[in-house]
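Chain by chain, the residues run as shown.
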Amino acid sequence: MSANFSNYVKGSEWRKRLDIFGDHHSLFNSDFDEWKQQRKVVRAFLSHQQLNQHVAKIIPDIIEKGLIPILDNLSEQGTVVDLQDLFARYTFEFASLIATGSKANCLMRIGLAENQFQKAIDDACEAIFARLLIPETFWKLQRWLGIGKERKYKKSWKILDKFWEKYLSIKREKLCEDQEGFNALTCYLTPHEIVGQTPTSNVMRGNIVGLIFATEDTTSTALSWFFWLLSKNPVSEIKIRQEVIKHIFPQNQVKKWRPTAGSLEQLNKLVYLHAALCETLRLFPPVPYEMRTPLQPDILPSGHRVDQKTGIVISSYAMGRMISIWGEDCHEFKPERWITKEGGIKHEASHKFFAFNAGPRICPGKEIGFTLTKAIITTIIHNYHVQLVETHPVTPNLSIVLRMKHGLMATINNRWA
Ligand code: HEM
């Protein structure tokens, strides 16, 4: 993935199974020079100063106006909530704003309407997983007959197309009076200095839908497993609460905490929280495996010989649980393994900690992902007590994203009420 990157491509086998994220010109499905070009654009976008400023504004805004009223209400009513769904709404709200500038308003309608984008992505990811397991002729036959997971895949495609058309028409109408801050779609349509010429509608669709998926699904999945792991390791929750109090309220005037544009920086001081997040991503990487095809025969570091006919699957889920990589205690949740003797964050090489991929195709949204997760975790842990429903089954879904099959049911209690 790193040392011989150019020999290991996503290739046509990947593309035909994940075609919902665009063709061979789009970021997620391209290789070679096409990918380099798209990658340059997405990197420039994600590291742009204007985006950083926008992110610092919208995260506190979504939490204050969308999430906190819901959490307060759940606490007052004593209602059970599916945290996985709630997290997906929070991250979708964010993803929609940075990708298109449009508000999704899906935190307003909780309990009333399903998040259609999320449902379409979930169904598509399950169908893609099936496409990887069953013979090609079989899923192609299912697609032709419009049955099974292929029926859902087709429906998902239509829903995502509808979202895309809506985004595009809103944007085209409002382009001149765009007050929604820095977002990828405006950059594509303007065209912005980081994009150059406006790409085809197909490429834009693939990249925008892909960006929303990459932002939303990964971070909400990480959040769900984080709270599940914390429920099994209450000492870690206490440590995070103590750390928040120590660093955010140094004068000991402990009170409610809401993130503000200025306060997001404070989250970087929370070493134990960062360690607990890395530990979650080690044990439950939202993207549980990567697939590649070699262009030329090669010998893997393991000694295995591979050639053009070898489909390579690298399981980050398995890697996170290997004694040879993480030691005898690899199955334990131990945030301490990420903390140096001096109390700083211990950085692990990406080929060891593979949750964000490794090499040139490493996730370009890693830092934003950490900010997004830390802001909501700190808000929830400091202000509320989360009690998971003990009897509710928690199992991973069979999909290309490691979501929970039945969600994560919990009750919420406001600590300040
Ligand atoms: C916990 C959070 C996240 C995790 C675990 C994660 C993980 C990954 C992984 C494993 C890949 C490689 C997938 C592949 O092989 O195609 C990837 C790609 C990508 N991620 Fe993330 N991601 C996270 C958050 C984000 C966020 C918040 C953003 C955007 C703000 C983002 C944007 C992207 C993009 C654009 C790519 C495609 C890069 C390329 O193909 O060159 N990710 N991510």
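How each quantity is defined
Throughout this document, residue positions are counted from 1 along each chain, in the order its sequence is written. Where local features are concerned, this predicted model is filtered to residues with pLDDT of at least 70; where side-chain atom pairs are given and counted, the filter is 80 or more; whole-chain, interface and lining totals use all residues. Just so you know, side-chain values use all the structure's heavy atoms and leave hydrogens and water out. In this description a helix means any DSSP run of H or I spanning at least four residues, a strand means any run of E spanning at least two, and both kinds are numbered starting from the N terminus. Throughout, radius of gyration means the C-alpha value; the globule benchmark is 2.2 Å times the number of residues raised to the power 0.38. Relative accessible area decides the class of each residue, using a 1.4 Å probe on protein chains only: under 20% of the type maximum gives buried, over 50% gives exposed, and in between gives partly exposed. Throughout, a contact is declared for two residues whenever any of their heavy atoms are within 4.5 Å. Note that accessible areas follow from Shrake-Rupley with a 1.4 Å probe, and for residues the cover is restricted to the protein chains shown. A residue counts as positive if it is Lys or Arg and as negative if it is Asp or Glu; His and the chain ends are not included. For the purpose of locating charges, the reference atoms are NZ of Lys, CZ of Arg, CG of Asp and CD of Glu. Nearness of a residue to a molecule or strand requires only that one of the residue's heavy atoms be within 4 Å of it. As used in this structure description, the phrase polar contact means that two N or O atoms lie within 3.5 Å; if the pair is within protein, one of them must be able to donate a hydrogen and the other to accept it, and residues adjacent in sequence are counted only when both atoms belong to side chains. In this analysis a 1.4 Å probe is tested at points of a 1 Å grid over the protein atoms alone, and where it fits but cannot get out there is a cavity; an open set with protein on both sides within 12 Å along at least five of seven lines is a pocket; lining residues have an atom within 4 Å of a point. To be counted as sitting in a cavity or pocket, a molecule needs more than half of its atoms within 2 Å of that site's grid points. Ten residues, namely Ala, Val, Leu, Ile, Met, Phe, Trp, Tyr, Cys and Pro, are considered nonpolar, four, namely Asp, Glu, Lys and Arg, are considered charged, and the remaining ones, Gly among them, are considered polar. Residues belong to a common nonpolar core when they are buried Ala, Val, Leu, Ile, Met, Phe, Trp, Tyr or Cys residues joined through side-chain atoms within 4.5 Å. An axis is simply a line fitted to the C-alpha atoms; with a helix, the fit covers only the stretch in contact. Between two such axes, the angle follows the N-to-C directions and lies from 0 to 180 degrees. Angles are sorted into four bins: roughly parallel if under 35 degrees, roughly antiparallel if over 145, roughly perpendicular if 65 to 115, and oblique for all others. Crossings are sorted by hand: turned counterclockwise from the far helix by less than a right angle, the near helix makes the crossing left-handed, and turned clockwise it makes it right-handed. Only nitrogen, oxygen and sulfur atoms qualify as donors, and only when within 2.8 Å of the metal (3.2 Å in the case of Na, K and Ca); with water excluded, sites may look incomplete. UniProt positions are given in the numbering used here, feature names are shortened, and annotations may be inferred rather than shown by experiment. One less than the number of residues in a helix, times 1.5 Å, gives the span that helix is expected to have. Put simply, a disulfide is two cysteine sulfurs that come within 2.5 Å. When a carboxyl oxygen of Asp or Glu lies within 4 Å of a side-chain nitrogen of Lys or Arg, that pair is called a salt bridge.

**Considering the overall build of the protein chain**
Reasoning step 1: Within the protein chain, the secondary structure is distributed over 14 helices and 8 strands.
Reasoning step 2: What you see for the protein chain is a C-alpha radius of gyration of 21 Å, in line with the 22 Å of a compact globule of 417 residues.
Reasoning step 3: Dimensions of the protein chain along its principal axes, counting C-alpha atoms only, are 60 × 55 × 45 Å.
Reasoning step 4: Per-residue burial for the protein chain yields a buried fraction of 51% across its 417 residues.
Reasoning step 5: The long-range share in the protein chain, meaning contacts at least 24 apart out of those at least 6 apart in sequence, stands at 72%.
Reasoning step 6: When the accessible area of the protein chain is evaluated, it comes to approximately 19700 Å², of which 55% is carbon and sulfur surface.
Reasoning step 7: When the 53 positive and 43 negative side-chain charges of the protein chain are each reduced to one mean point, those points stand 1 Å apart.

**Details of the site of the ligand**
Reasoning step 1: Around the ligand, the structure places 25 residues, and the nearest of them are Lys10, Trp35, Arg39, Glu290 and Cys363.
Reasoning step 2: Take Lys10: an N or O atom from its side chain is 2.5 Å from an oxygen atom of the ligand.
Reasoning step 3: The side chain of Arg39 places a nitrogen or oxygen atom 2.8 Å from an oxygen atom of the ligand.
Reasoning step 4: Applying the majority rule of atoms within 2 Å of the grid points places the ligand in the largest cavity.
Reasoning step 5: Among the secondary structure elements, those contributing two or more residues to the shell around the ligand are α2 (32-46), α9 (201-232) and β3 (289-294).
Reasoning step 6: For the shell around the ligand, the per-class residue count stands at 14 nonpolar, 6 polar and 5 charged.

**Remarks on the nonpolar core**
Reasoning step 1: Of all hydrophobic cores here, the largest spans 118 residues; its most connected members are Leu83, Tyr90, Phe226 and Phe227.
Reasoning step 2: Among the elements that make up this core, the one with the highest residue count is α9 (14 residues).
Reasoning step 3: With sequence-adjacent residues up to four places away left out, Tyr90 is seen in contact with Ile59, Ile62, Ile63, Leu67, Leu107, Leu223, Leu372, Ala375 and Ile376.

**Quick notes on the packing of α9 against helix α14 (residues 366-383)**
Packed helices, taken two at a time, are described by the angle their axes make and the gap between the axes.
Reasoning step 1: Where α9 meets α14, the closest approach of the two axes is 10 Å, and the angle between their N-to-C directions is 40°. Here α9 lies oblique to α14, going by the angle between them. The element α9 and its partner α14 pack so that their crossing is right-handed. Every residue of α14 that contacts α9 at Thr215, Thr219, Leu223, Phe226, Phe227 and Leu230 is listed here: Gly369, Leu372, Thr373, Ile376, Ile377, Ile380 and Ile381.
Reasoning step 2: Per-class residue counts for the contact of α9 with α14 are 9 nonpolar, 4 polar and no charged.

**Re the coordination of the iron atom of the ligand**
Reasoning step 1: No other protein atom reaches the iron atom of the ligand as a donor apart from Cys363 (SG), found 2.3 Å away.
Reasoning step 2: If you trace the backbone, Cys363 turns up in the loop between α13 (323-326) and α14.

**Considering the UniProt feature "binding site: heme" (unreviewed entry) in the protein chain**
Reasoning step 1: Under the present numbering, the feature "binding site: heme" (unreviewed entry) in UniProt falls on Cys363.
Reasoning step 2: On the basis of relative accessibility, which here comes to 31%, the residue Cys363 falls in the partly exposed class.

**Focus: α14**
Reasoning step 1: With 18 residues, α14 extends 26 Å from end C-alpha to end C-alpha; this agrees with the ideal 26 Å at 1.5 Å per step.
Reasoning step 2: For α14, the buried fraction is high: 15 of the 18 residues fall into the buried class.

**Observations concerning the state of the cysteines**
Reasoning step 1: Scanning the model with the defined rule gives 0 disulfides in all.
Reasoning step 2: The thiol sulfur of Cys125 is not disulfide-bonded, and the nearest other cysteine sulfur, from Cys363, lies at 15 Å.
Reasoning step 3: Between Cys330, a free cysteine, and Cys278, which holds the nearest cysteine sulfur, the sulfur-to-sulfur gap is 17 Å.

**With respect to the packing of helix α4 (residues 83-100) against α9**
Reasoning step 1: One way to put it is that α4 packs onto α9 with a least axis distance of 8 Å and a crossing angle of 150°. Judged by the inter-axis angle, α4 sits roughly antiparallel to α9. Crossing angle aside, the handedness with which α4 passes α9 is right-handed. Of α9, the residues touching α4 (which contributes Leu83, Gln84, Phe87, Ala88, Tyr90, Thr91, Phe92, Phe94, Ala95, Ile98, Ala99 and Thr100) are Ile208, Leu211, Ile212, Thr215, Glu216, Thr219, Ser220, Leu223, Ser224 and Phe227.
Reasoning step 2: Taken together, the residues of the contact of α4 with α9 sort by class into 14 nonpolar, 7 polar and 1 charged.

**Some thoughts on unusual backbone geometry**
Reasoning step 1: The phi dihedral of Asn105 is positive, around 55°, even though this residue is not glycine.
Reasoning step 2: For Asn105, the position within the fold is in the loop between α4 and α5 (116-133).
Reasoning step 3: Even without a glycine there, the phi angle at Asn357 is positive, about 75°.
Reasoning step 4: In this structure, Asn357 sits in the loop between α13 and α14.
Reasoning step 5: The exposure class assigned to Asn357 is buried, which follows from its relative accessible area of 6%.

**Overview of the pattern of salt bridges**
Reasoning step 1: Counted according to the given criterion, the structure contains 23 salt bridges.
Reasoning step 2: Close ionic contact of Glu13 with Arg17 constitutes a salt bridge, the shortest N to O distance being 2.9 Å. Of this pair, Glu13 and Arg17 both sit in helix α1 (residues 11-17), 4 residues apart, which is roughly one turn of the helix.
Reasoning step 3: Residue Glu13 is classed as partly exposed on the basis of its relative accessible area, which comes to 37%.
Reasoning step 4: With a shortest N-O distance of 3.0 Å, Arg337 and Glu279 are connected by a salt bridge. Of this pair, Arg337 sits in the loop between α13 and α14 while Glu279 sits in helix α11 (residues 271-283); the two residues are 58 residues apart in sequence, bridging distant segments of the chain.
Reasoning step 5: Taking the relative accessible area as the measure of exposure, Arg337 reaches 14% and is therefore buried.
Reasoning step 6: Its relative accessible area of 0% is what places Glu279 among the buried residues.
Reasoning step 7: Several salt bridges converge on common partners, so that one network encompasses Glu13, Lys16, Arg17, Glu136 and Lys140.

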